[in-house]
Each structure stands twice: as C-alpha cells, then as structure tokens.
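Take a look at the letters that make up each chain.
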Amino acid sequence: MTSSIEKNAFEKIEQLIAQDPAGRNIAPLVQPGHLEAAARTLTRAGRVLITTGFFVPSVEAGETDGPPGAKALGAALETLGIPAVYVTDAWNAPYLRAIGAKPLHLYEPGLLERLAPSHLISVERVGRAEDGRYYNMRGEDISPYTEPVDELFLQAAEQGLESIGIGDGGNEIGMGGCAEQVRAHVANGQTIACVVATDYLIACGVSNWGAYGLVCALSLLNSRDLLPSGEALRTEVEAIVASGGVDGVTRRNEPTVDGQPLQASTHLLAQLRALL
Ligand code: ZN
Ligand code: ZN
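Rules and cut-offs
By convention here, each chain's residues receive numbers from 1 onward along its written sequence. Here chains are named by letter from A upward and ligands by number from 1 upward, in the order in which they appear as written. Residue-level local features of this predicted model are given only where pLDDT is at least 70; pairs of side-chain atoms are given and counted only at 80 or more, and the full residue set underlies all totals for whole chains, interfaces and linings. Side-chain metrics rest on all non-hydrogen atoms present in the structure, leaving aside hydrogens and water. Runs of E in the DSSP output that reach at least two residues are strands. Runs of H or I that reach at least four are helices, and both are numbered from the N terminus. Radius of gyration means the value over C-alpha atoms here, while the globule rule gives 2.2 Å times the residue count to the 0.38 power. Per-residue accessibility, obtained with a 1.4 Å probe over protein chains only, is compared with the maximum for each type, and a residue is labelled buried under 20%, exposed over 50%, and partly exposed between these values. Only heavy atoms enter the contact rule, under which two residues are in contact if any of them lie within 4.5 Å. Under the convention used here, a 1.4 Å probe and the Shrake-Rupley method define accessible areas, while residue burial counts only the protein chains that appear. Asp and Glu are treated as the negative residues and Lys and Arg as the positive ones, with His and the ends of the chain left uncounted. Charged groups are reduced to one reference atom each: NZ for lysine, CZ for arginine, CG for aspartic acid, CD for glutamic acid. Listed donor atoms are N, O and S within 2.8 Å of the metal (Na, K and Ca: 3.2 Å). As water is not included, a site may look incomplete. Irregular is the label for any site that misses the other tests, which are tetrahedral for four donors with all angles between 85 and 135 degrees, and square planar for four donors or octahedral for six when opposite donors exceed 155 degrees and the remaining angles lie between 65 and 115.

A. The overall build of the chain, seen in detail. When helices and strands are counted, the chain shows eleven helices and ten strands. Its C-alpha atoms give the chain a radius of gyration of 17 Å, within 12% of the compact-globule value 19 Å for 276 residues. Principal-axis analysis of the C-alpha atoms places the extent of the chain at approximately 50 × 40 × 35 Å. Taking all 276 residues of the chain together, the buried fraction comes to 55%. Across the chain, the fraction of contacts at a sequence separation of at least 24, relative to all contacts at a separation of at least 6, is 73%. Of the accessible surface of the chain, which amounts to about 10400 Å², a share of 49% is contributed by carbon and sulfur atoms. Each charge class in the chain was averaged separately, 20 positive and 33 negative side chains, and the resulting centres sit 5 Å apart.

Pasting the structure below:
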C-alpha cells in the first residue's frame, strides 16, 4: 500500500545512493524528491527505453558501471509487466549482451519512432557538452567512440515523453538539469558538463547505485522486492569483465566498479533491501 510507505523512506534511499566513494562532489548535484517522482512516473509507463554504455578509449573497452544498473531496472519493470528495451552503440553492446540485457537495439536515427517508448531512462550514458562534444571525467573527448544516443532524449523532450537521467559525474545524460552546479563543483566541470536535461535527475556516487535506488523506490511503491540479489550483481560484473570490460576509474580489467570492490555494491544493495 502506497499510503503505508514510511514518509522518509525515499529520502533514505537518496542518502544511501548519494554516498560519494570517488569524492566527486556529488552532493550539490542531488535533486531532492526526484527519485520518488521518477519511480512514480515509471509505475504509469507503457514501454521504457533504457540506455547505458560508456566507452574508455585508452583501453578500448566499456566500463562496469552502467550495464548492471540498466539491467536491474529493466528486470524490475518486466516483473511489473512493463516492457523494457535497451539501447546503446556498437562499442558498448558486447557488455549488455554479456549480461543478457535484451531486446537490445543499436542507436540509429529514427529509433525513437520505431521503439515508441512512453519513458526513457539513461544510466551512466554520456551526453553532449555545450560544444556538442562528448567528454569523459578526465576531460578527454570521446566523441569518436560515442553514438549520439542523447539525441533520443532531446527528441523525447520535444514530444513530451518523460525521461530520467542517472549519473555520477556531471557528464551524463540528465545532468543538463544541473549543469551550472557541475561547472562549479566537479573537476573538469567547465569542459565536461552535459547540457542534455531529463525530467528527473538522479545524481549518485556510482551510477549502478542510482539505478538500484530507483528499483528500491519502485519496490516500495509496489510492495514487492524488485532488487537484484548480491549474487546476480556479482555475476553480471564478472561477465562484463570476462567480455573485456574495465573499471571506469582504474581502467583495469577487474571486477570492481568505479574503483570500489564488489562488496561495496553488495553492501549498498543490502542497505537498500533493509528499507523494504
Ligand atoms: Zn559517470
Ligand atoms: Zn560511474
């Protein structure tokens, strides 16, 4: 029952996912109330388009942050009877395939019309900066390794579709909603700040954590545990690494996420589950 949800349960989720293990100064980017509002609009969704995938050119691999969170959201929505489709580009597709995220579509013009979603979610997917280029946290231009998936979100805004952005650094789709804070508070913010906004923005310490937080909020609204198990999380990160994926911070082919050991993520999941 929605009415029985402890009033501050959503705030507790926001606090848990805003833990900032990489010390990126996430707190000024957090939008109080957006997590609950994002979960509530998803309960009314007809079909949800989920995008993720952040390429690391120096090692020519995708990162472990993003795909597991995207998959957790897609699985939760499917459990609720809401179809989910995944979108990424050829550089990042192997890692989504490795964890069984399907149906999977590669970005191409016209995709929004073809998939006809009611809602869009981005989990750790780079969005363009003011100069139209795509940058990683180091301020490196990764445009040659990035299809313009963020274009879908610009089209969605024109069409009145609802959108949710989940990010942990200021350069991801959705951060256009707080670009000034990114420029002021995040390293390389003047260069990397994404200008693509979403209706709801979930800023968090690790993007997978933000996705788990949104699944936790959906669980509260539906009175059922939709969170992945710690074991599933571990298996997915290991599958991404086995496919060549890397930790986006260390750039090493190891089962860690943003420099954090897997235990940090399984612990976070347990803390979220304790709120249900
Ligand atoms: Zn990020
Ligand atoms: Zn990250």
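B. Just the coordination of the zinc ion (ligand 1), in detail. Taken together, Glu124 (OE), Glu124 (OE), Asp168 (OD) and Glu172 (OE) make up the full set of protein donors to the zinc ion (ligand 1), lying 2.0 to 2.4 Å away. Coordination geometry of the zinc ion (ligand 1): the four donor atoms subtend angles of 55 to 125° at the metal centre, consistent with an arrangement described as irregular. Expressed as a motif, the donor residue spacing for the zinc ion (ligand 1) is E-x43-D-x3-E.

These figures come from the coordinates and say nothing about function on their own.
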